[in-house]
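Residue-level structure breakdown
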Amino acid sequence: MHESFNALMPLIIPEGVSDYFEMTHYSKEEKRLDIFLEELNTTPEEYQGQKLISKGFFEPVTLQDFPIRGMQVYLHVKRRRWLNQDTDKVVYRNWELVAKGTRITQDFAAFLKGISGQPGS
C-alpha cells in the first residue's frame, strides 16, 4: 500500500485498529467503500514467550462503519489464530485485554471478541 495512504488509515478506521490490523485492499463503488483488514502476525501479549505459529484466520466478518463523504463504509475483518506449540491448542488475541491497554475502544474490542463465534473468544 502506498505510504501516504497508510498515513490516512488511522483517520478512516477505528482508533487503534491499525496497531493490530493491516489493510490488504479496498474496493470503491458509487456509494460504497469496502476496506479489507487482516490481523497482523504479531504474538498476542498474553502469549509472549510461548511458541506460536500462525494457523490462518477465522472467517471474515463485515461491519458497517461511519459513512465517509456520503459513502457507506464496510470493514471486512479477518482475525488471526495461532497454534500454541506448548499446549497444542489454537489461541487468538484477547480483545478485552487489548481494550484495557490500548486506544481501541471497549465497543470495538467487544465486537472483535464476539465475531469469531468461538467459545471464550
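Residues numbered from 1 in each chain as written. Predicted model: local features only at pLDDT ≥ 70, side-chain atom pairs only at ≥ 80, totals over all residues. Heavy atoms only, no water.

In the annotation of an unreviewed UniProt entry, the entry for the protein reads Transposase, and the organism field reads Sphingobacterium zhuxiongii.

**Regarding the side chain of Arg80**
Put simply, the rule is: Under the DSSP-based scheme used, a helix requires at least four consecutive residues in state H or I and a strand at least two consecutive residues in state E, with every element numbered from the N terminus. Summary of the burial criterion: residues with accessible area below 20% of their type's maximum are buried, those above 50% are exposed, and those between are partly exposed, where the area comes from a 1.4 Å probe applied to protein chains only. Just so you know, the count uses Lys and Arg for positive and Asp and Glu for negative, and it drops His and the chain ends. The term salt bridge refers to a pairing of a side-chain nitrogen on Lys or Arg with a carboxyl oxygen on Asp or Glu at a separation within 4 Å. We define a polar contact as two N or O atoms separated by no more than 3.5 Å, with the added condition that, inside protein, one atom must be a possible hydrogen donor and the other a possible acceptor, whereas residues neighbouring each other in sequence contribute only through side-chain atom pairs. Note on contacts: a residue pair is in contact if any heavy atoms of the two residues lie within 4.5 Å.
Within the element layout of this structure, Arg80 appears in strand S6 (residues 80–84). Buried Arg80, no salt bridge; nearest opposite-charge side chain is Glu38, N-O distance 4.9 Å. In this structure the side chain of Arg80 is engaged in a polar contact, spanning 2.6 Å, whose partner is the side chain of Ser54. Not counting the four nearest positions on each side in its chain, Arg80 is found in contact with Glu39, Leu40, Asn41, Ser54, Gly56, Phe57, Phe58 and Tyr92.

**What about the pattern of salt bridges?**
Working definition: two side chains of opposite charge can pair if their charged atoms are close together. If you walk through the whole model with that rule in mind, you get 3 salt bridges. We note a salt bridge from Arg32 to Asp34, for which the minimum N-O separation is 2.7 Å. Here Arg32 falls in the partly exposed class, since its relative accessible area comes to 27%. Across the salt bridge formed by Glu39 and Arg93, the nearest N and O atoms sit 2.8 Å from each other. In this pair, Glu39 is assigned in strand S2 (residues 32–39) and Arg93 in the loop between strand S7 (89–91) and helix H2 (95–101), connecting sequence segments 54 residues apart. Accessibility assignment for this pair places Glu39 and Arg93 in one class, buried.

**Let's talk about the environment of Tyr26**
As for its placement among the helices and strands, Tyr26 is situated in strand S1 (residues 21–28). For the pair formed by Tyr26 and Phe36, sequence separation is 10 residues and the distance between their alpha carbons is 5.8 Å.

**Some remarks on the packing of aromatic side chains**
Condition: Pairing of aromatic side chains requires ring centres within 6.5 Å, counting the rings of Phe and Tyr and the six-membered ring of Trp. Pairs whose planes differ by under 30 degrees are stacked, by over 60 edge-to-face, and all others tilted. Geometrically, a lysine NZ or arginine CZ counts as sitting over a ring once it is within 6 Å of the ring centre and also within 35 degrees of the ring normal.
Here the structure, examined in full by the defined rule, presents 1 aromatic pair. For the ring pair Phe58 and Tyr92, a centre distance of 5.4 Å and an interplane angle of 70 degrees mean the geometry is edge-to-face. One end of the pair, Phe58, is in the loop between strand S3 (52–57) and strand S4 (61–68); the other, Tyr92, is in the loop between S7 and H2, and 34 residues separate them in sequence. The same class applies to Phe58 and to Tyr92, which are both buried. When the ring centre of Phe58 is taken as reference, the NZ or CZ atom of Arg81 above it lies at 5.2 Å.

**Thoughts on the confidence of the model for the protein**
Stated formally: Looking at any residue, its pLDDT shows the predictor's confidence there, from 0 to 100.
On average, the protein scores 81 in pLDDT, and the residues at 70 or more come to 74%. Averaged pLDDT values for the elements of the protein fall to 61 in H2 and rise to 96 in S6.

**Regarding the environment of Phe21**
Within the secondary structure layout, Phe21 lies in strand S1. Sequence-wise, Phe21 and Leu40 are 19 residues apart; in three dimensions their C-alpha atoms are separated by 5.2 Å.

**A few points about the sheet that holds S1**
Within a sheet, adjacent strands bond to each other through the backbone by hydrogen bonds, running parallel or antiparallel. For clarity, the threshold we go by: Strands qualify as paired when DSSP identifies two bridges or more between them. The axes used here are C-alpha line fits, helices contributing only the stretch in contact, and every angle between their N-to-C directions lies in the interval 0 to 180 degrees.
Taken in spatial order, the 4 strands make up an open sheet running S1-S2-S5-S4, and their pairing is mixed. With partners counted over all chains shown, the strands left at the sheet margins are S1 and S4, one partner each. Taken over all neighbouring pairs, the strand axes of this sheet differ in orientation by 25 degrees on average, direction set aside. Bridge count between S4 and strand S5 (residues 71–78): 6 bridges; the pairing is antiparallel. Opposite Ile68, over in S5, you have Met71 as the bridge partner.

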